[in-house]
Amino acid sequence: MSPRDEIPNLKGLDGDGSVQVHQDSDVKIEGAKVFSVYGKGGIGKSTTSSNLSAAFSMMGKRVLQIGCDPKHDSTFTLTGRLQSTVIDILKEVDFHAEELRPEDYVAVGFNGVKCVEAGGPPAGTGCGGYVVGQTVKLLKQHHLLEDTDVVIFDVLGDVVCGGFAAPLQHADRAVIITANDFDSIYAMNRIIAAVQAKSSNYKVQLAGCVANRSRETDEVDRYCARVGFNRLAHMPDIDAIRRSRLKKKTLFEMDDAEDVVMARAEYMKLADTLWRSVQGKGSTPAPLPDREIFELLGFD
């Protein structure tokens, strides 16, 4: 057998060249609208996800938020505490999932939002895709997806490997959080490519991006105009966000200061936009080669 004969044919499997963990095709999220939140590490995905979950709940939707990060702090402001991860709880029962009850790994946060922290494998070991798959499987076994209108996956950093792309196999729409700077936009460009690779075999499409922690949006808007992407919302770098994190609360539980009221209104608008986006066609931007991003954003 020649070396060429030993190379597996991966064409078309979740994007050309993909070697990721494949989810159980029988474990699907049905009925709920599913959103996956991506973006550069530290860009504010968990803050955005939690306030978005709160906004959906204020619209009367039954919401489930799934944190997909070993830090397990995605739902911190919804519940006021760090909760144990699905992977750690499974270890405690030697991975006998049948011994678990929903209350072992699901917490109820602000306004009834259900909160799950999937967690992740220890650094340098395992695959995040496995963790996501086990979490969805547990939720399905305990019938927790049957009375849910919205599922939000809050995904670790700007990792676009197969494992942490796993939530895209369940999502209707992917939302990218960015700032008005080169590094964030560069990460967004890579995530766009990853989502589009997934969309060839799954229903997921891009919804658009949120300009976060940024006074201006000129660089984000310039990129979006170039590739044909949508900016869905703008969240300035306001002190209300810092105060809410310190108080372990979402913005919807804070006193009605001017900046808090403004931020709430933006999250409510974003939730409504995303809810309606699933009814139509998603965004189909054309990601740029690295050299073109450098040229576009003015780096000599």
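Refer to the structure presented above.
Bear in mind that the values here come from a model prediction, so they are computed numbers and not experimental data.

**Student:** Is there a simple way to think about the environment of Thr148 in this case?
**Tutor:** Note on placement: Thr148 falls in the loop between α4 (128–141) and β5 (150–155). Taking the relative accessible area as the measure of exposure, Thr148 reaches 4% and is therefore buried. For the pair formed by Thr148 and Arg62, sequence separation is 86 residues and the distance between their alpha carbons is 5.0 Å. Setting aside its immediate chain neighbours within four residues, Thr148 contacts Ala32, Arg62, Val63, Leu64 and Lys114. Side-chain polar atoms of Thr148 contact the backbone oxygen of Leu144, separated by 2.8 Å.

**Student:** Explain the pattern of salt bridges to me, please; I cannot follow it from the model alone.
**Tutor:** Oppositely charged side chains are able to pair whenever their charged atoms sit close together. Using the criterion set out here, one finds 15 salt bridges in the structure. The closest approach of N and O atoms between Arg222 and Glu219, which form a salt bridge, is 3.0 Å. Remark: Glu219 and Arg222 occur in helix α6 (residues 218–227); sequence separation between them is 3 residues, near one turn of the helix. For Arg222, a relative accessible area of 36% puts it in the partly exposed group. On the accessibility criterion, Glu219 (18% relative accessible area) is buried. Residues joined by salt bridges that share partners form a network here, namely Asp239, Arg242, Arg243 and Asp259.

**Student:** Mind showing me how you'd approach the pairing of strand β6 (residues 173–178) here?
**Tutor:** Two faces make up the sheet, and in a regular strand the side chains alternate between them. The buried count for β6 comes to 6 of 6 residues, which makes it a mostly enclosed element. Residues Arg173, Val175 and Ile177 point to one face of β6 and Ala174, Ile176 and Thr178 to the other, with burial holding for every one of them. Where β6 lies against strand β7 (residues 205–212), 6 bridges are found, and the strand directions are parallel. The residue bridging Thr178 from the neighbouring strand is Ala211, located in β7. Running through helix α5 (residues 182–199), the crossover from β6 to the neighbouring parallel element β7 is right-handed.

**Student:** What exactly am I supposed to notice about the nonpolar core here?
**Tutor:** Nonpolar side chains in soluble globular proteins tend to be buried together. Counting 52 residues, the largest nonpolar core has Ile66, Tyr105, Leu139, Val151, Phe153, Tyr223 and Phe229 as the members making the most contacts within it. If you tally residues by element for this core, the top one is α5, at 6 residues. Setting aside chain neighbours within four positions, we find Leu139 in contact with Leu64, Ile66, Tyr105, Val106, Val116, Leu144 and Leu145. Counting residues in each nonpolar core, the second largest holds 35 residues, with Ile43, Val113, Cys115 and Ala240 among its members.

**Student:** Even after reading the chapter, I still don't get the layout of surface pockets, so can you show me in this structure?
**Tutor:** The gaps left among the atoms become clear once a water-sized probe is rolled over them. Of the voids in this model, the largest pocket is the one considered here, and its volume is about 260 Å³. Among the secondary structure elements, those contributing two or more residues to the lining of the largest pocket are α1 (45–58) and β5. In terms of residues, the lining of the largest pocket owes the most to one element, α1, which gives 3 residues. Tallied by class, residues from the lining of the largest pocket come to 3 nonpolar, 8 polar and 8 charged.

**Student:** Mind showing me how you'd approach the packing of aromatic side chains here?
**Tutor:** Each aromatic ring pair is summarised here by two numbers: the centre-to-centre distance and the angle between the ring planes. Tallied over the full model, the rule gives 3 aromatic pairs. Among the aromatic residues, ring-to-ring pairing joins Phe182, Tyr186 and Phe294 into one connected group. In this arrangement the basic side chain of Lys61 is found over the ring face of Trp275, its NZ or CZ atom lying 3.9 Å from the centre.

Thresholds applied
Starting from 1, residues in each chain are numbered consecutively following that chain's sequence as written. At least 70 in pLDDT is required for a residue's local features to be given in this predicted model, at least 80 for side-chain atom pairs to be given and counted, and no such filter applies to totals for whole chains, interfaces and linings, which use all residues. In computing side-chain properties, one takes all heavy atoms of the structure into account and sets aside hydrogens as well as water. For the purposes of this entry, the term helix denotes a DSSP run of H or I that reaches at least four residues, the term strand denotes a run of E that reaches at least two, and both are numbered from the N terminus. Think of it in three bands: residues with accessible area under 20% of the maximum for their type are buried, residues over 50% are exposed, and the middle band is partly exposed, with areas taken using a 1.4 Å probe on protein chains only. Throughout, a residue-residue contact means that at least one pair of heavy atoms, one from each residue, lies within 4.5 Å. Polar contacts here mean pairs of N or O atoms no more than 3.5 Å apart (in protein, one a potential hydrogen donor and the other a potential acceptor; neighbouring residues in sequence count only if both atoms are side-chain atoms). Here, a salt bridge means any Lys or Arg side-chain nitrogen found within 4 Å of an Asp or Glu carboxyl oxygen. DSSP bridges decide pairing: two strands pair if at least two such bridges lie between them. Whether a crossover is right-handed depends on one test, that the path from the first strand over the helix to the second runs clockwise when the strands point away from the viewer. Buried Ala, Val, Leu, Ile, Met, Phe, Trp, Tyr and Cys residues that are joined via side-chain atoms within 4.5 Å together make up what is termed a nonpolar core. Site definitions follow a grid-based scheme: protein atoms alone, a 1 Å grid, a 1.4 Å probe that fits but cannot get out for cavities, and for pockets an open set with protein on both sides within 12 Å along at least five of seven lines, plus lining residues having an atom within 4 Å of a point. Grid points are joined across faces, edges and corners, and a volume is the space filled by probe spheres set on the points. Note on residue categories: nonpolar means Ala, Val, Leu, Ile, Met, Phe, Trp, Tyr, Cys or Pro, charged means Asp, Glu, Lys or Arg, and polar means any other residue, Gly included. Think of it this way: a Phe, Tyr or Trp ring, Trp meaning its six-membered ring, pairs with another when their centres are within 6.5 Å, and the plane angle makes it stacked under 30 degrees, edge-to-face over 60, tilted otherwise. Each ring is checked for a lysine NZ or an arginine CZ that lies within 6 Å of its centre and within 35 degrees of its normal; such an atom marks a charge sitting over the ring.

Limitation: the analysis is restricted to geometry and does not speak to function.
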